[in-house]
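For reference, the chains in residue letters:
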Amino acid sequence: MEWPNRFLFVLLCLSAAAVFVPWIIPRDRRGLLLGFIAAVAATACWVSYEDQLHMFARPGDPLIRIDLLLIVPLITLDWLSAVASLAAKRFRRRNA
């Protein structure tokens, strides 16, 4: 039962990175895509984690409850960060 804790730690780090990546990459077209690719990768990893966790976890397992409280806000933050960085870059480009 140690792998879910390690996987959860890696997912938290990946999700945090997906929040910051869109803001630190260059402003070219590839940079815009990398922000969304980071959000897609974080979302896909969360879905994979959920799928694997529900295969062997029992109902009421504390790890599932913690995970359900984390998954929606962090995925939302990933996507909001990607969209906000896109909007900020377009706003800067328009005003420049």
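Here, residues in each chain are numbered from 1, in the same order as that chain's written sequence. Given that the model is predicted, a residue must reach a pLDDT of at least 70 before its local features are reported, and side-chain atom pairs must reach 80 or more before they are shown or counted; all residues, however, enter totals for whole chains, interfaces and linings. Think of the side-chain values as coming from all heavy atoms in the structure, minus any hydrogens and water.

Enquirer: Quick one: what's the story with the overall build of the protein chain, residue by residue and with numbers?
Expert: Each helix and strand counted, the protein chain has 3 helices and 0 strands in total. Traced from its N-terminal end to its C-terminal end, the protein chain shows the element sequence α-α-α. Here the term buried applies to any residue with accessible area under 20% of the maximum for its type, exposed to any over 50%, and partly exposed to those in between, with areas from a 1.4 Å probe on protein chains only. Relative to its 96 residues, the protein chain shows a buried fraction of 34%. Note on definitions: a residue-residue contact is assigned when non-hydrogen atoms from the two residues lie within 4.5 Å. In the protein chain, the share of contacts with a sequence separation of at least 24, taken over all contacts with a separation of at least 6, comes to 78%. By the criteria applied, helices consist of DSSP H or I runs no shorter than four residues and strands consist of E runs no shorter than two, each listed in order from the N terminus.

Enquirer: Residues and numbers for the nonpolar core, please.
Expert: Nonpolar cores are built from buried Ala, Val, Leu, Ile, Met, Phe, Trp, Tyr and Cys residues. Side-chain atoms within 4.5 Å join them into one set. Counting 9 residues, the largest nonpolar core is built from L8, L11, W46, Y49, L53, A57, I71, L74 and I75. With residues up to four places along the chain from it excluded, the contact list for I71 reads W46 and E50.

Enquirer: Can you break down the confidence of the model for the protein chain residue by residue, with the values?
Expert: Here the protein chain shows a mean pLDDT of 81. Residues at 70 or above account for 90%. The secondary structure element of the protein chain with the lowest average pLDDT is helix α3 (residues 62-95), at 81, and the one with the highest is helix α1 (residues 3-24), at 85. Think of pLDDT as the predictor's per-residue confidence, scored from 0 to 100.

Enquirer: So, a nonpolar patch on the surface: which residues are in play, and what are the values?
Expert: Here the term patch refers to residues with relative accessible area over 30% and no salt bridge, with like charges joined within 9 Å and nonpolar side chains (Val, Leu, Ile, Met, Phe, Trp, Tyr) within 5 Å. Accessible areas in this description were obtained via Shrake-Rupley with a 1.4 Å probe; residue shielding takes into account the shown protein chains only. Salt bridge, as used here, is a side-chain nitrogen of Lys or Arg placed within 4 Å of a carboxyl oxygen of Asp or Glu. Together, W3, M55 and F56 line one region of the surface with nonpolar side chains, adding up to about 330 Å² of accessible area. With respect to the helices and strands, F56 occurs in helix α2 (residues 29-56).

Enquirer: Explain the packing of aromatic side chains to me, and be specific about the residues and the numbers.
Expert: To describe a pair of aromatic rings, you give the distance between the ring centres and the angle between the ring planes. Centres within 6.5 Å make a pair out of two Phe, Tyr or Trp rings, where for Trp the six-membered ring is used; the pair is then stacked when the planes are under 30 degrees apart, edge-to-face when over 60, and tilted otherwise. For the structure on display, the rule yields 3 aromatic pairs. Look at F7 and Y49: their rings are 5.1 Å apart centre to centre, the planes differ by 85°, and that puts the pair in the edge-to-face class. In this pair, F7 sits in helix α1 while Y49 sits in helix α2, placing the two residues 42 residues apart along the sequence. With centroids separated by 6.2 Å and ring planes inclined at 45°, the aromatic side chains of F36 and W79 adopt a geometry described as tilted. Taken together, the positions of F36 in helix α2 and W79 in helix α3 put the pair 43 residues apart, joining distant regions of the chain. For W79, a relative accessible area of 30% translates into the label partly exposed.

Enquirer: An account of the environment of V72 is requested, with residue identities and associated values reported.
Expert: Structurally, V72 can be placed in helix α3. A residue is classified by how much of its surface remains accessible, and V72, at 54% relative accessible area, is exposed. Residues V72 and W46, spaced 26 residues apart in sequence, show a C-alpha to C-alpha distance of 9.7 Å.

Enquirer: Talk me through α1; I want residue IDs and the actual numbers.
Expert: Helices are assigned an expected span. That span is 1.5 Å times one less than the residue count. Counted at 1.5 Å a residue, the expected span for α1 with its 22 residues is 32 Å, and the 31 Å between its end C-alpha atoms agrees. Here the bend at each residue means the angle between axes fitted to two seven-residue stretches, the one ending at that residue and the one beginning there. At A18, α1 is bent by approximately 25°, the largest bend along its length, and proline P22 sits one to four residues beyond. Looking at α1, one finds that the buried residues are P4, L8, L11, S15, A18, V19 and P22.

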